[in-house]
Amino acid sequence: MNRTEQKRTRQRTLALYVFVTVTLLAATAQMLALSKFNFDEYFTISLVRNSWADIVRLTALDVHPPLYYLAVKAAVIVFGENLFTWHLVSFLSFLGMVFITERFISRVFGEKEACFCVLAVCAAPNMLRYALEARMYSMSMLFITASFYLVWLLSEHYESRPGKKTIRYWVLLALVNVAAAYTHYFAGVAAVGLSLFLLLFLLIAKKDYVHTLLQWGAYCVAMALAYLPWMFVMIGQMRSIDGNYWIARINLNTLYGYLDMLFGVQKPMYYGLVIAFFLGSFYLLMKKGQNGRDFWKWGSFFAAGFFLVFGVGYSVLRTPILIDRYLVIVVPMLWISVVLSLLDKREKWIEIGLLLLFCLCFISNREDLYREYDAVENGEETRCLLENVGESDIFFHVNVQRMVERMAFLPDVRHLLLEGSDAREAFHYWPEMTGCEKVADAAEVIAMAREQGAVVWCEDDACLEEFEAAGFSVEEYPAWSVVFYRLWYEE
């Protein structure tokens with residue numbers, strides 16, 4: 001490559017990064033302007049406000065591993081609590097996935113392929129929706145996509161008697177897979193699927209069965225030892241799940257939800273295009289001769305298949321554990337394989353079709369993201385509370401999810417939770433996590449408010465009659481679809 005071509009390549013790469021960064025910043029700005037989160041994000045905020053040790057302890061009482069929460073804690077310590085910081089880890093994880101995708105694909109397949117794969121990562125169905133959410137999905141996608149690339153790099157540098165370079169890739173792959181399992185359990189499942197594929201890949205391609213099995217076995221033992229500190233916690237968490245979480249049992253609707261995570265865009269015509277390109281890649285892969293690069297592409301489908309078989313099988317035989325949004329973890333590597341398979345055809349109409357498809361999907365994804373967060377009608381509610389609730393006031397809650405939402409923006413206010421309000425929740429450690437206090441009934445709150453001369457806020461009118469009978473005055477504060485009640489007692 002001469003200097004002119006190198007300069008053009010650098011310019012294209014720089015333009016690609018600028019496009020991705022601006023796109024994500026615009027999407028983030030859109031979310032921040034709405035000032036809204038969903039319940040799982042509020043859970044993240046409440047948990048991260050605890051100490052490092054308590055984050056690990058409380059995470060062990062839930063159903064997720066702790067790495068993402070610890071990363072968000074670090075971000076909050078450095079940048080403070082603000083709307084952007086809560087999304088920062090996901091934002092950087094997604095940028096990291098884009099960066100390694102561009103570097104790996106440009107090196108192994110070419111610059112043009114790298115550009116299309118970056119577009120796929122940014123614009124494939126549901127990518128933008130989960131790229132910035134204050135949850136662990138973006139970080140999980142980063143680790144699993146990196147693991148997929150490392151499978152190729154390890155196979156490329158594989159030696160029957162490992163040298164320094166081979167050992168380096170074995171160690172790096174083990175570390176990435178363990179990090180994935182510490183981020184999300186289904187990321188760990190995907191990592192296991194990729195590890196099984198790696199063994200198959202090396203046995204077929206290298207045909208050095210004894211050394212391959214020994215190296216792969218040592219790699220598995222190393223991962224198991226690195227995960228051992230959390231393994232018993234994970235086993236305990238899995239035993240505690242017995243249909244008591246929000247995950248529905250497997251039926252036609254849930255199976256459709258899994259497909260929708262891969263192909264789902266709102267407009268039916270786009271949906272058809274997505275499926276057509278996806279199936280077309282299968283046809284081309286099966287039609288072509290299987291060289292090393294083609295066989296590696298099958299690894300994403302193998303890992304995704306293992307992911308689904310484990311998730312669906314456990315959900316049917318034991319208890320539901322797989323929810324449609326977990327599949328987003330494997331979506332980037334699937335679409336990278338799809339794009340690379342289609343581009344191997346070297347047809348202009350395929351390139352134009354992919355470009356058009358991703359542009360349409362990106363527009364649809366952005367609209368869906370805005371609608372989803374705009375539908376969370378708490379922006380006006382939050383503004384109302386911030387403007388009117390004093391730090392010495394008391395907030396009385398009868399709904400635990402609403403309490404977690406209000407506490408995100410009112411952390412310094414005293415929050416009281418009616419006992420039994422979390423009966424339908426699988427997590428029952430809200431006082432430990434949030435610092436709220438449980439009370440037996442409204443009478444206890446009335447006595448507390450009288451004794452301290454405090455103003456009480458609530459958003460449930462069922463208890464108003466009891467407060468009024470006790471001599472409290474009531475003032476209503478309408479905020480969108482909710483009415484807040486300010487209750488105070490005067491002698």
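Here, every reference points to the structure presented above.
Residues numbered from 1 in each chain as written. Predicted model: local features only at pLDDT ≥ 70, side-chain atom pairs only at ≥ 80, totals over all residues. Heavy atoms only, no water.

A. Spatial organisation of empty space enclosed by the protein. The full count for this structure, using the stated rule, is 1 cavity of 30 Å³ or more. If you add up the space inside the largest cavity, you get close to 40 Å³. Taken together, Thr 382, Leu 385, Leu 386, Glu 405, Arg 406, Phe 409 and Leu 410 make up the full set of residues lining the largest cavity. Of the residues in the lining of the largest cavity, the class split is 4 nonpolar, 1 polar and 2 charged. (1 Å grid on protein atoms, 1.4 Å probe; cavity = no way out; pocket = protein on both sides within 12 Å on 5 of 7 lines; lining within 4 Å. Points joined across faces, edges and corners; volume = space filled by probe spheres on them. Nonpolar A, V, L, I, M, F, W, Y, C, P; charged D, E, K, R; others polar.)

B. Examining unusual backbone geometry more closely. Non-glycine residue Asn 126 carries a positive phi angle of around 75 degrees. Along the chain, Asn 126 turns up in the loop between helix 6 (111–123) and helix 7 (127–131). Residue class for Asn 126 comes out buried when judged on its relative accessible area of 8%. A positive phi is found at Arg 346, a non-glycine position, where the angle reads about 60 degrees. Secondary-structure assignment places Arg 346 in the loop between helix 15 (331–343) and helix 16 (348–374). (Helix = DSSP H or I, 4+ residues; strand = E, 2+ residues; numbered from the N terminus. Buried < 20%, exposed > 50% of the residue type's maximum accessible area, 1.4 Å probe, protein only.)

C. Representation of the layout of surface pockets in the model. Considering only enclosed or pocket space, the largest pocket measures out at about 710 Å³ in volume. Forming the walls of the largest pocket are 33 residues, and the residues nearest its centre are Ala 181, Tyr 185, Gly 188, Val 189 and Met 234. Those elements that place two or more of their residues in the lining of the largest pocket are helix 9 (164–183), helix 10 (185–206), helix 11 (209–240) and helix 14 (292–317). Broken down by element, the lining of the largest pocket gets its largest block of residues, 9 residues, from helix 11.

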